[in-house]
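# Observations on the three-dimensional arrangement
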Amino acid sequence: MIDIKKVRADFPILNETINGKPLVYLDNAATSQKPQVVIDSIVTYYSTFNSNIHRGVHTLSQKATTAYEEARIKFQQHFNTKKAYEIIFTAGTTHSINIVATGFTSLLKKGDEIIVSALEHHSNIVPWQMLCERTGAILKVIPMTNEGELQMDVYDKLLSNKTKLVFVNHVSNALGTINPVKEIIDKAHKIGAAVLIDGAQSCPHIKPDLQELDVDFYVASAHKLCGPTGVGILYGKEEWLNKLPPYQGGGEMIKKVTFEKTTYADLPHKFEAGTPNIAGVIAFGVAIDYLNNLGFDNIATYEENLLVYATKKLLEIEDLRIYGTSKNKTAVISFNIGKIHPFDIGSIIDKLGIAVRTGHHCAQPIMDFYNIPGTIRASFSFYNTFEEIDLLYEALIKAKMMLS
């Protein structure tokens with residue numbers, strides 16, 4: 001059970017005021033706020049044992065290396081992967097996806113097919129388009145319904161012996177839809193295709209079991225999980241990570257270097273060239289501990305209650321339309337009010353201290369599907385309150401009156 005007063009006390013930014021009003025932060029799908037324990041871990045690293053890792057015999061280096069590798073083990077346990085070295089630390093979800101997309105350049109040929117979904121973030125569209133341009137592979141798209149769900153019957157028809165890769169987000173950042181990823185993975189595997197699941201939007205709400213999913217690649221970002229920006233993970237099955245060439249060359253990712261030939265280090269170092277974001281990785285581990293201490297079941301229950309309450313409350317506003325009405329969704333409401341431009345509403349309610357996201361949310365094909373310029377997106381987290389939803393409602397009523 002979430003003790004909301006205790007939880008909110010952990011997040012110093014929630015005491016801030018915006019334009020003289022208490023901050024109501026409802027842009028969690030863009031980035032989450034950070035508890036004090038995560039902030040403190042960054043300060044502690046730089047204050048007490050800042051050093052490079054994996055290279056030094058001195059005490060500070062060994063201490064930093066231990067903390068960094070302990071974080072890797074935390075994520076192995078959190079995601080239930082077979083080996084800790086199947087967890088690669090990256091700069092974030094986009095970086096992780098590009099590592100895989102670049103790696104597959106040498107594994108695809110002209111006429112091979114790649115499948116993505118109509119619900120994807122740009123970071124899970126553009127890298128595959130670039131891959132197709134390099135290799136001559138063909139990009140195919142699973143279409144969506146008016147409710148914001150994937151047309152799985154069409155997915156079945158898209159799969160063939162030409163399909164080599166399938167890439168789908170676990171949760172839509174624009175609509176909150178939870179996709180049937182286990183079904184998608186199983187069907188792809190039956191025809192021999194590999195699957196990457198973009199978990200950037202799911203991991204704050206769902207604790208995925210990657211062995212149960214049997215997914216080939218899974219990616220996520222720290223900053224969506226109460227961790228710092230500039231850090232993420234790439235999970236890959238050992239056999240797939242061994243097939244992919246290194247993404248970058250440099251220090252750490254080598255076994256032996258001569259001017260004639262270089263051999264590469266074993267996993268995970270093969271994909272971790274250069275000095276990493278050591279403080280960020282350590283803090284990411286602290287963030288995942290924090291979330292697991294709260295309990296993902298508790299988080300899911302609380303956020304579902306927020307979603308139900310907010311949906312009912314916002315639908316009381318005349319001419320308000322919600323986009324993405326799947327019964328299986330996370331705590332995201334994407335909406336517009338009449339013909340009022342979402343940017344105008346977002347600007348006005350910001351003056352009242354309320355932070356929401358407006359625009360196409362880096363998911364422009366979704367907006368094109370609905371023939372709209374964008375939406376207002378309120379995305380909730382476990383530290384939000386029902387009272388904040390009431391404040392959002394009141395602010396939207398004021399904005400509508402001013403703009404009508």
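Here, the structure is the one placed above.
The structure contained in this document is the topic of the report that follows. The structure presented is a predicted model; accordingly, all values stated were derived computationally and were not measured. (Residues numbered from 1 in each chain as written. Predicted model: local features only at pLDDT ≥ 70, side-chain atom pairs only at ≥ 80, totals over all residues. Heavy atoms only, no water.)

### Here's the deal with the overall build of the protein chain
What counts here: Numbering goes from the N terminus for both helices and strands, where a helix is a DSSP run of H or I of at least four residues and a strand is a run of E of at least two. Between the two quantities, the radius of gyration covers C-alpha atoms and the globule rule is 2.2 Å times the number of residues to the power 0.38. Residue exposure (1.4 Å probe, protein chains only): buried if accessible area is under 20% of the type maximum, exposed if over 50%, otherwise partly exposed. For this analysis, residues touch if any pair of their heavy atoms sits within 4.5 Å. Per-residue accessibility takes into account occlusion by the displayed protein chains alone, with areas from the Shrake-Rupley method and a 1.4 Å probe. Charge convention: Lys and Arg are scored as positive, Asp and Glu as negative, and His as well as the terminal groups of each chain are ignored. Throughout, a charge is located at the NZ atom of Lys, the CZ atom of Arg, the CG atom of Asp or the CD atom of Glu.
Along its length, the protein chain carries 14 helices and 17 strands. The C-alpha radius of gyration computed for the protein chain amounts to 22 Å, which stays within 12% of the reference 22 Å derived for 404 residues, consistent with globular compactness. A principal-axis box enclosing the C-alpha atoms of the protein chain has dimensions of 70 × 55 × 35 Å. Put simply, the protein chain has 404 residues, and 54% of those count as buried. Contacts in the protein chain between residues far apart in sequence, at least 24 positions, make up 72% of those at least 6 positions apart. Here the protein chain displays about 17500 Å² of accessible surface, and carbon together with sulfur accounts for 54% of that area. Of the side-chain charges in the protein chain, 40 are positive and 43 negative, and the distance between the mean point of each set is 4 Å.

### A closer look at unusual backbone geometry
Unlike most non-glycine residues, Asn-80 shows phi in positive territory, near 55 degrees. Tracing the backbone through its elements, the reader meets Asn-80 in the loop between helix H3 (59-79) and strand E4 (87-90). Judged by relative accessible area, Asn-80 falls into the partly exposed class, the value being 30%. Of note in this structure, Asp-319 is not a glycine but carries a positive phi near 70 degrees. By the element assignment, Asp-319 lies in the loop between helix H11 (296-314) and strand E13 (320-323).

### Overview of the sheet that holds E4
Short version of the rule: Following DSSP output, two strands are said to pair if at least two bridges run between them. Every axis corresponds to a line fitted to the C-alpha atoms, with the helix fit spanning only the stretch in contact, and the corresponding angles, defined between N-to-C directions, vary from 0 to 180 degrees.
A sheet is described by the order of its strands in space; here 7 strands give the open sequence E4-E10-E9-E8-E7-E5-E6, paired in mixed fashion. Edge strands, defined here as strands with exactly one partner in the open sheet, are E4 and strand E6 (138-142). When strand polarity is set aside, the average angle formed by the axes of neighbouring strands in this sheet is 20 degrees. As paired strands, strand E5 (residues 113-117) and strand E7 (residues 163-169) are joined by 4 bridges and run parallel to one another. Bridging from a neighbouring strand, Ile-115 pairs with Val-166 of E7.

### Concerning the packing of H11 against helix H14 (residues 386-403)
Spelled out, the test is: Put simply, angles under 35 degrees are roughly parallel, angles over 145 are roughly antiparallel, angles from 65 to 115 are roughly perpendicular, and the rest are oblique. For any pair of crossing helices, the crossing counts as left-handed if the nearer helix is rotated counterclockwise from the farther one by less than a right angle, and right-handed if it is rotated clockwise. Charged residues are taken to be Asp, Glu, Lys and Arg, nonpolar residues to be Ala, Val, Leu, Ile, Met, Phe, Trp, Tyr, Cys and Pro, and polar residues to be all remaining types, Gly included.
Contact geometry of H11 with H14 gives a least axis separation of 10 Å together with a crossing angle of 25 degrees. It follows from the interaxial angle that H11 and H14 lie roughly parallel. Taken as a pair, H11 and H14 cross one another with a handedness that is right-handed. For the pair formed by H11 and H14, the contact residues are Tyr-302, Asn-305, Leu-306, Tyr-309, Ala-310, Lys-313 and Leu-314 on the first element and Phe-386, Ile-389, Asp-390, Leu-392, Tyr-393 and Leu-396 on the second. Taken together, the residues of the contact of H11 with H14 break down into 10 nonpolar, 1 polar and 2 charged.

### Looking at the pattern of salt bridges
Worth spelling out the cut-off: Just to be clear on terms, a salt bridge is a Lys or Arg side-chain nitrogen sitting within 4 Å of an Asp or Glu carboxyl oxygen.
For the structure shown, the criterion picks out 14 salt bridges. Notably, a salt bridge pairs Lys-237 with Asp-216, separated by 3.5 Å at the nearest N-O pair. With Lys-237 in the loop between strand E10 (232-236) and helix H9 (238-243) and Asp-216 in the loop between helix H8 (210-213) and strand E9 (217-221), the pair connects residues that are 21 residues apart, well separated along the chain. Using a relative accessible area of 13% as the deciding quantity, one classes Lys-237 as buried. Each of Asp-27, Arg-357 and Arg-377 takes part in salt bridges that share partners, so that together they form one network.

### A look at the environment of Ser-202
By the element assignment, Ser-202 lies in the loop between strand E8 (194-198) and H8. Taking the relative accessible area as the measure of exposure, Ser-202 reaches 0% and is therefore buried. For the pair formed by Ser-202 and Thr-177, sequence separation is 25 residues and the distance between their alpha carbons is 9.7 Å. Once residues within four sequence positions are removed from consideration, Ser-202 is found in contact with His-170, Val-171 and Tyr-218.

### A closer look at the sheet that holds strand E16 (residues 357-359)
Taking strand neighbours across the sheet as the criterion, the 4 strands line up as E13-E14-E17-E16 in an open arrangement whose pairing is antiparallel. Lying at the two open borders of the sheet, with one neighbouring strand each, are E13 and E16. Between one strand and the next, the sheet's axes are offset by a mean angle of 30 degrees, whatever the strand orientation. Taken together, the 3 bridges between E16 and strand E17 (residues 375-379) define a ladder with antiparallel strand orientation. Directly across from Arg-357, in E17, lies its bridge partner Arg-377.

### A short note on the nonpolar core
One recurring pattern in soluble globular proteins is that nonpolar side chains are buried together. Convention followed: Grouping buried Ala, Val, Leu, Ile, Met, Phe, Trp, Tyr and Cys residues that are joined through side-chain atoms within 4.5 Å yields what is termed a nonpolar core.
Core analysis: the biggest nonpolar cluster contains 103 residues, and Val-166, Phe-335 and Phe-382 have the highest contact counts within it. A per-element tally of this core places helix H10 (residues 278-294) first, with 12 residues. Sequence-distant contacts of Phe-382, defined by excluding residues within four places in its chain, comprise Ile-2, Ile-4, Val-7, Phe-11, Cys-226, Tyr-290, Leu-291, Leu-294, Ile-299, Tyr-302 and Glu-303.

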